[in-house]
Amino acid sequence: MQYHPISHDIILMEAKTELLSFPIHGDSRGSLIALECFEEIPFAIKRIYYIFGTQKNTPRGFHAHKELKQILISVSGSVTIHCEQNSCKRKYFLNSPDKGLLIEGLVWREMHDFSPDCVLLVLANQHYDENDYIRTYEEFKKIVLQSLNHEE
Ligand code: TYD
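Residues numbered from 1 in each chain as written. Predicted model: local features only at pLDDT ≥ 70, side-chain atom pairs only at ≥ 80, totals over all residues. Heavy atoms only, no water.

Trainee: Just checking my understanding: could you explain the nonpolar core for this structure?
Mentor: In a soluble, globular protein the nonpolar side chains are often hidden away together inside. One finds Leu72, Val79, Ile81, Leu101 and Leu120 to be the most contacted residues of the largest nonpolar core, which totals 16 residues. Counting residues per element, the ones that place at least two in this core are β7 (79-85), β8 (88-94), β9 (99-104) and β11 (119-124). Take this core: its biggest share by element is three residues, from β7. The residues touching Leu101, leaving out its near neighbours within four places in the chain, are Thr17, Glu18, Leu19, Gln70, Ile71, Leu72, Ile81, Cys83, Tyr92 and Leu94. Formed by nine residues, the second largest nonpolar core is a distinct cluster that contains Phe22, Ile41, Ile73 and Leu121. (Core = buried A, V, L, I, M, F, W, Y, C linked by side-chain atoms within 4.5 Å. Buried < 20%, exposed > 50% of the residue type's maximum accessible area, 1.4 Å probe, protein only. Helix = DSSP H or I, 4+ residues; strand = E, 2+ residues; numbered from the N terminus. Contact = heavy atoms within 4.5 Å.)

Here it is, written out as structure tokens:
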């Protein structure tokens, strides 16, 4: 198994998940949501990707990141995001384009129960970097433990 040493930044970055609500600009024609960096989105966006056409009973994710900040928005359909941080497990049901799940720091994330029409938009503050991934749960727990020990 590949081992990623903890950097100074990781120790400092607190694991965090937060459900954000975005303002909807609605009128008789329908609805519009506008997202701007450092306004609704608390970071500069460097990458956008979206997950769609997910097969039935097919979860995704199963990883953590060392430094990445992301906001997940189900712009269509629904999905449940399972997060684990500091031994605390939480589930977030995303079923509306005006809800965004902010995930930053050492958070294990899994995406479950995608509806067939789900389009999950992800805004990220870094370019894609495989070295930022923690790909196994075992390694995630090990790094969390190491960062806690380092704080003492
Ligand atoms: P993967 O990390 O397996 O997706 P998930 O975490 O949602 O299960 O990514 C699937 C593929 O897409 C993999 O080959 C890497 C590639 N990919 C990129 O090229 N850029 C990206 O920004 C992301 C998120 C994935």
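Resuming the write-up.
Trainee: Looking at this structure, how should I read the sheet that holds strand β10 (residues 108-112)?
Mentor: Pairing between the strands of a sheet comes from backbone hydrogen bonds, and it takes one of two forms, parallel or antiparallel. Read across the open sheet, the five strands follow the order β8-β7-β10-β5-β12; overall the sheet is antiparallel. Each of the sheet's edge strands pairs with one partner strand only, and the pair in question is β8 and β12 (133-134). In the sheet, strand β5 (residues 60-65) pairs with β10 via three bridges, with the strands oriented antiparallel. Note that in β10 the partner of His63 across the bridge is Arg109. (Pairing = 2+ DSSP bridges.)

Trainee: For this particular structure, what's the right way to read unusual backbone geometry?
Mentor: As a rule of thumb, non-glycine residues mostly have phi less than zero, and peptide bonds are mostly trans rather than cis. Although it is not a glycine, Asn57 sits at a positive phi angle of roughly 55 degrees. With a relative accessible area of 73%, Asn57 lands in the exposed category.

Trainee: So what exactly am I meant to see when it comes to the site of the ligand here?
Mentor: In the neighbourhood of the ligand, the contacting residues comprise Arg47, Tyr49, Ile51, Arg60, Gly61, His63, Met111, Tyr128, Tyr133 and Arg135. Arg47 has a polar side-chain atom sitting 2.4 Å from an oxygen atom of the ligand. Take His63: an N or O atom from its side chain is 3.4 Å from an oxygen atom of the ligand. Contributing elements (two or more residues each) for the shell around the ligand: β4 (47-52) and β5. (Near = heavy atom within 4 Å. Polar contact = N/O pair within 3.5 Å; in protein donor to acceptor, adjacent residues only side chain to side chain.)

Trainee: Can you help me understand the packing of aromatic side chains in this one?
Mentor: Given two aromatic rings, their pairing is described by the distance between the two centres and the angle made by the two planes. Counting across every chain of the model gives five aromatic pairs. Centre to centre, the rings of Tyr50 and Phe52 are 6.1 Å apart; their planes meet at 35 degrees, and the pair counts as tilted. When its relative accessible area of 56% is taken as the criterion, Phe52 is described as exposed. With 5.4 Å between their ring centres and 75 degrees between their planes, Trp108 and Tyr137 make a pair best called edge-to-face. Remark: Tyr137 occurs in helix α2 (residues 137-151) and Trp108 occurs in strand β10; sequence separation between them is 29 residues. The buried category is assigned to Trp108, whose relative accessible area is 6%. Through a chain of ring-to-ring contacts, three or more aromatic side chains come together here, namely Trp108, Tyr137 and Phe140. We note Arg135 situated over the ring of Tyr133; from NZ or CZ to the ring centre the distance is 3.9 Å. (Phe/Tyr/Trp six-rings, centres within 6.5 Å; stacked < 30°, edge-to-face > 60°. Lys NZ or Arg CZ within 6 Å of the ring centre and 35° of its normal.)

Trainee: I tried to follow the sheet that holds strand β6 (residues 69-76) on my own but got confused; where do I start?
Mentor: Taken in spatial order, the five strands make up an open sheet running β1-β9-β6-β11-β4, and their pairing is antiparallel. The outermost strands of the open sheet, each flanked by one partner alone, are β1 (16-21) and β4. Going from strand to strand, the sheet's axes swing by 20 degrees on average, the running direction of each strand aside. Here six bridges tie β6 to β11, and the two strands are oriented antiparallel to one another. Bridging from a neighbouring strand, Ser74 pairs with Leu120 of β11. (Axes fitted to C-alpha atoms, helices over the stretch in contact; angles between N-to-C directions.)

Trainee: Explain the side chain of Asp98 to me, please; I cannot follow it from the model alone.
Mentor: One can find Asp98 in the loop between β8 and β9. There is a polar contact of 2.3 Å between the side chain of Asp98 and the side chain of Ser96. Excluding its chain neighbours within four sequence positions, the residues that come into contact with Asp98 are Leu20, Ser21, Phe22, Ile24 and Ile33.

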